[in-house]
Amino acid sequence: MKFYSLKYRTRTPPGGQKMWKVEIDPNHRVDEGLLAHELVHVKQWYAAMLLTFLLGAVLWYWVAPVLGFLALAAPWAHGALYRVKALRILMELHAYKVHVKIGVGPGLPYRDREFAIKAMVGHGMDAKDARRALG
């Protein structure tokens, strides 16, 4: 059973994720690394949602029932966490590690990991740290 929905439609940047939905530009249909990158974000979305549900349940049970309403925000927790620069860097770094592992090499869409380093710099990470982290 698939845990995501995939659509091919013209877009810039070539890949994107919103909740469980992944969109990829048709020109990047063969880019398995990009799909894997976006699926990491989908998994992160599920994890953030589950943890928010659990936090809401714990607060409802042990603190005050009214705090259980926090669970209603669970589908948007990943988006809220993504706005925090340090967390965004960690989320993107994890996704780009998978992207580089699958999509870089001879005969694959990318010759080297420079695209990922540039992307991480765009997300606010230092180039030297990005090179080291993407090893």
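Residues numbered from 1 in each chain as written. Predicted model: local features only at pLDDT ≥ 70, side-chain atom pairs only at ≥ 80, totals over all residues. Heavy atoms only, no water.

1. Looking at the environment of proline 109
Mapped onto the elements of the fold, proline 109 is located in the loop between helix H3 (85-103) and helix H4 (114-122). Using a relative accessible area of 43% as the deciding quantity, one classes proline 109 as partly exposed. Measuring from C-alpha to C-alpha, the distance between proline 109 and glycine 122 comes to 21 Å, with 13 residues separating the pair along the chain. (Helix = DSSP H or I, 4+ residues; strand = E, 2+ residues; numbered from the N terminus. Buried < 20%, exposed > 50% of the residue type's maximum accessible area, 1.4 Å probe, protein only.)

2. Description of the packing of H3 against H4
Between H3 and H4, whose axes approach to 10 Å, the crossing angle comes to 170 degrees. As judged from the angle between their axes, H3 and H4 are roughly antiparallel. The segment H3 lies against H4, with Ile89, Glu92, Leu93, Tyr96, His99 and Val100 engaging Phe115, Ala116, Ala119 and Met120. By residue class, the composition of the contact of H3 with H4 is 8 nonpolar, 1 polar and 1 charged. (Axes fitted to C-alpha atoms, helices over the stretch in contact; angles between N-to-C directions. Parallel < 35°, antiparallel > 145°, perpendicular 65-115°, else oblique. Contact = heavy atoms within 4.5 Å. Nonpolar A, V, L, I, M, F, W, Y, C, P; charged D, E, K, R; others polar.)

3. A closer look at the packing of aromatic side chains
Using the criterion set out here, one finds 7 aromatic pairs in the structure. Judged by centre distance (5.3 Å) and plane angle (75 degrees), the rings of phenylalanine 3 and tyrosine 4 are edge-to-face. Residue classification places tyrosine 4 among the buried positions, given a relative accessible area of 18%. Measuring from centroid to centroid gives 6.4 Å for phenylalanine 3 and tyrosine 46, while their planes differ by 65 degrees, and the two rings are edge-to-face. One end of the pair, phenylalanine 3, is in the segment before strand S1 (5-8); the other, tyrosine 46, is in helix H1 (residues 32-63), and 43 residues separate them in sequence. Taking the relative accessible area as the measure of exposure, tyrosine 46 reaches 32% and is therefore partly exposed. Pairwise contacts between aromatic rings join Phe3, Tyr4, Trp20, Trp45 and Tyr46 into one cluster. Between lysine 21 and the ring centre of tryptophan 20, over which it is positioned, the NZ or CZ distance is 5.0 Å. The ring of tyrosine 8 has arginine 29 sitting right over it, with the charged end atom 3.9 Å from the ring centre. (Phe/Tyr/Trp six-rings, centres within 6.5 Å; stacked < 30°, edge-to-face > 60°. Lys NZ or Arg CZ within 6 Å of the ring centre and 35° of its normal.)

4. Describing the pattern of salt bridges
According to the stated counting rule, one finds 4 salt bridges in the structure shown. Measuring nitrogen to oxygen at the nearest pair gives 3.2 Å for the salt bridge that ties glutamate 23 to arginine 11. Here arginine 11 lies in the loop between S1 and strand S2 (15-18) and glutamate 23 lies in strand S3 (residues 21-24), a separation of 12 residues in the sequence. Two residues, arginine 132 and aspartate 129, come together in a salt bridge whose shortest N-O distance is 2.9 Å. Taken together, the residues arginine 132 and aspartate 129, both in helix H5 (residues 127-134) and 3 residues apart, mark about one turn of the helix. Through salt bridges that share partners, Arg9, Arg11 and Glu23 make up one connected network. (Salt bridge = Lys/Arg side-chain N within 4 Å of Asp/Glu carboxyl O.)

5. What about the packing of H1 against H3?
Relative orientation of the contacting elements H1 and H3 amounts to 150 degrees, with a least axis distance of 8 Å. It follows that H1 is roughly antiparallel to H3 by the angle criterion. Read as a crossing pair, H1 and H3 show a hand that is right-handed. Of the residues in H3, those in contact with Glu32, Gly33, Leu34, Ala36, His37, Val40, His41 and Gln44 of H1 are Met91, Glu92, His94, Ala95, Tyr96, Val98, His99, Ile102 and Gly103. Its residues placed into classes, the contact of H1 with H3 shows 8 nonpolar, 7 polar and 2 charged. (Left-handed = near helix turned anticlockwise from the far one by under 90°.)

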